[in-house]
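Below, each chain spelled out in residue letters.
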Amino acid sequence: MARSGRCPSEHIAQAVGLRIPGRDGGVGGRIPDLVVWSKAQADGVWLPVADVLLVIEIVSPGSQGVDTVTKRSEYAAASIPQYWVVDQDAAQTVTMHRLEGDQYVARATMPLAWVLNTRPDEHGLG
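Residues numbered from 1 in each chain as written. Predicted model: local features only at pLDDT ≥ 70, side-chain atom pairs only at ≥ 80, totals over all residues. Heavy atoms only, no water.

(A) The arrangement of helix α1 (residues 64-77) in detail. With 14 residues, α1 ought to run about 20 Å at 1.5 Å a step, and its terminal C-alpha atoms sit 19 Å apart, in line with that. The largest bend along α1 reaches roughly 35° and is located at lysine 71. Considered for burial, the residues of α1 that qualify are Asp67, Thr68, Lys71, Glu74, Tyr75 and Ala76. Looking at the buried side of α1, the elements it contacts are β2 (17-21), β3 (27-30), β6 (52-58), β7 (82-86), β8 (93-100) and β9 (103-111). (Helix = DSSP H or I, 4+ residues; strand = E, 2+ residues; numbered from the N terminus. Expected span 1.5 Å × (residues − 1). Bend = angle between axes of the 7 residues up to and from the residue. Buried < 20%, exposed > 50% of the residue type's maximum accessible area, 1.4 Å probe, protein only. Contact = heavy atoms within 4.5 Å.)

Following this line, the structure appears as structure tokens:
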């Protein structure tokens, strides 16, 4: 991360696909709402998860089960260190999950406004 405590823009992407383990043991893919990497990535439609620090999903009406259950287990199987879910409630609540073993454990829940006023290193992204 940058010395300013901000994530460099080349470490963040939206609408990019990640290659993750598929349900049948093959290769699958997901397109998270936002991805944060430890270093800049090459351009591409489907990228590996090797340098992914965090994936963020914004829960849309009708996608709650996929975003909070299915994707969470798939990202855990891909060993992505952190998975955050943003609810579209009044506070836009962010639930931050950290991978422990082979499962995510919720470690904090807070309003999006608070998260946006913190540094990445405060969340283990530094």
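(B) Structural detail: the packing of aromatic side chains. All chains considered together, the criterion is met by 2 aromatic pairs. One aromatic cluster is present, formed by Tyr75, Tyr83 and Tyr104 through successive ring pairs. (Phe/Tyr/Trp six-rings, centres within 6.5 Å; stacked < 30°, edge-to-face > 60°.)

(C) Structural detail: the pairing of β8. Counting buried positions along β8 yields 6 of 8 residues, so the element is predominantly enclosed. As paired elements, β7 and β8 share 5 bridges and run antiparallel to each other. Note that in β8 the partner of valine 85 across the bridge is threonine 95. Between β7 and β8, which pair antiparallel in sequence order, lie 6 residues; one of them, glutamine 92, sits at a positive phi of approximately 50°. In this structure, β8 lies alongside β9, joined through 8 bridges in antiparallel fashion. Note on β9: the bridge partner recorded for threonine 93 is proline 111. Two successive antiparallel strands, β8 and β9, enclose a turn made up of 2 residues, where glycine 101 displays a positive phi of approximately 70°. (Pairing = 2+ DSSP bridges.)

(D) Spotlight on the nonpolar core. Counting 19 residues, the largest nonpolar core has Leu18, Trp37, Val52, Val55 and Ile80 as the members making the most contacts within it. Residue assignment for this core shows that the elements contributing at least two residues are β2, β4 (34-37), β6, α1 and β7. Grouped together as the second largest cluster of nonpolar side chains are 12 residues, Leu54, Val86, Met96 and Ala108 included. (Core = buried A, V, L, I, M, F, W, Y, C linked by side-chain atoms within 4.5 Å.)

(E) The pattern of salt bridges, seen in detail. Counting across every chain of the model gives 5 salt bridges. For aspartate 51, the salt bridge is made with lysine 39, and the minimal N-O distance between the two is 3.8 Å. In this pair, aspartate 51 sits in the loop between β5 (46-47) and β6 while lysine 39 sits in the loop between β4 and β5, placing the two residues 12 residues apart along the sequence. Taking the relative accessible area as the measure of exposure, lysine 39 reaches 46% and is therefore partly exposed. Across the salt bridge formed by aspartate 67 and lysine 71, the nearest N and O atoms sit 3.2 Å from each other. Here lysine 71 and aspartate 67 lie together in helix α1, a separation of 4 residues that amounts to about one turn. Residue aspartate 67 is classed as buried on the basis of its relative accessible area, which comes to 3%. Lysine 71 gets classed as buried once you look at its relative accessible area, which sits at 10%. Connected via shared salt-bridge partners are Glu57, Asp67 and Lys71. (Salt bridge = Lys/Arg side-chain N within 4 Å of Asp/Glu carboxyl O.)

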